[in-house]
Amino acid sequence: MLSRPRVVAIRELAPSNILYYEGAKFEVFKTKIPVGGLQYEQVAVCYQCGYFHSGEGYQRDTCHNCGASLDADEQGNSAKLNHLLPMEIVITKRRVGRRPSR
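Quick summary incoming for the structure in this document.

Cut-off values and rules
- Residues numbered from 1 in each chain as written.
- Predicted model: local features only at pLDDT ≥ 70, side-chain atom pairs only at ≥ 80, totals over all residues.
- Heavy atoms only, no water.
- Helix = DSSP H or I, 4+ residues; strand = E, 2+ residues; numbered from the N terminus.
- Buried < 20%, exposed > 50% of the residue type's maximum accessible area, 1.4 Å probe, protein only.
- Polar contact = N/O pair within 3.5 Å; in protein donor to acceptor, adjacent residues only side chain to side chain.
- Contact = heavy atoms within 4.5 Å.
- Pairing = 2+ DSSP bridges.
- Axes fitted to C-alpha atoms, helices over the stretch in contact; angles between N-to-C directions.
- Phe/Tyr/Trp six-rings, centres within 6.5 Å; stacked < 30°, edge-to-face > 60°.
- Lys NZ or Arg CZ within 6 Å of the ring centre and 35° of its normal.
- Core = buried A, V, L, I, M, F, W, Y, C linked by side-chain atoms within 4.5 Å.

### Description of the side chain of His53
In this fold, His53 is placed in strand S4 (residues 52–54). Under the relative-accessibility criterion, His53 is labelled buried at 2%. Side-chain polar atoms of His53 contact the backbone nitrogen of His64, separated by 3.1 Å. Aside from chain neighbours lying at most four places away, what touches His53 is Gln42, Val43, Ala44, Cys46, Tyr58, Arg60, Thr62, Cys63, His64 and Leu70.

Spelled out as C-alpha cells, the structure:
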C-alpha cells in the first residue's frame, strides 16, 4: 500500500507511469473502479501555486491559497475541470528492466 499526497499522486499514478518501490520497477496499468460505478468530481486548479480546490472550492473565482484568479493558463487549459476521475486504487504490473547490450 502506497500513500501519496494528492498533488504527487496526480503525476505518479497516471496510466503508463513508472513507480519505483523497494528497488523494483512497476508500471501503472489500470485503476480500480468502485462498486457503485464511476463518480466524477468537479475541481479547480490554480495555475499559479498548484492548489487543488475540490467540493465547494470548485465554485471559487480566486485561489484559496494564493489569491490568484482561477483563469485558464497560457495554453488555454481551463482551471475548472468537470470530469475528474478519482484514482484511489491503481493496479500495477512489475516491469523487468532491460540490460544494455554490449
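### Notes on the sheet that holds strand S6 (residues 90–95)
Taken in spatial order, the 3 strands line up as S1-S2-S6 in an open sheet, and their pairing is antiparallel. Pairing within the sheet leaves two strands with one partner each, and these edge strands are strand S1 (18–21) and S6. Each strand of the sheet is rotated relative to its neighbour by a mean of 40 degrees, with strand direction disregarded. By the bridge criterion, 4 bridges tie S1 to strand S2 (residues 24–31) in an arrangement that is antiparallel. Bridged to Tyr20 within S2 is Lys25.

### Points about the packing of aromatic side chains
The final tally for this structure, using the stated rule, is 0 aromatic pairs. Directly above the aromatic system of Tyr58 lies the positively charged group of Lys80, at a separation of 5.2 Å from the ring centroid.

### Brief notes about the sheet that holds S4
Spatially, 3 strands are ordered S4-S3-S5 in an open sheet, and the strand pairing comes out antiparallel. At either end of the open sheet lies a strand with only one pairing partner, and these are S4 and strand S5 (80–84). Across the sheet, the mean angle from the axis of one strand to that of its neighbour is 30 degrees, orientation sign disregarded. Relative to S5, strand S3 (residues 41–45) is paired through 3 bridges, and the arrangement is antiparallel. Residue pairing in the sheet places Glu41 in a bridge with Leu84 of S5.

### Digging into the nonpolar core
Core analysis: the biggest nonpolar cluster contains 6 residues, these being Ala44, Cys46, Cys63, Ala68, Leu70 and Ala79. If sequence neighbours within four positions are ignored, Leu70 has contacts with Ala44, Val45, Cys46, His53, Arg60, Asp61, Thr62, Cys63 and Ala79.

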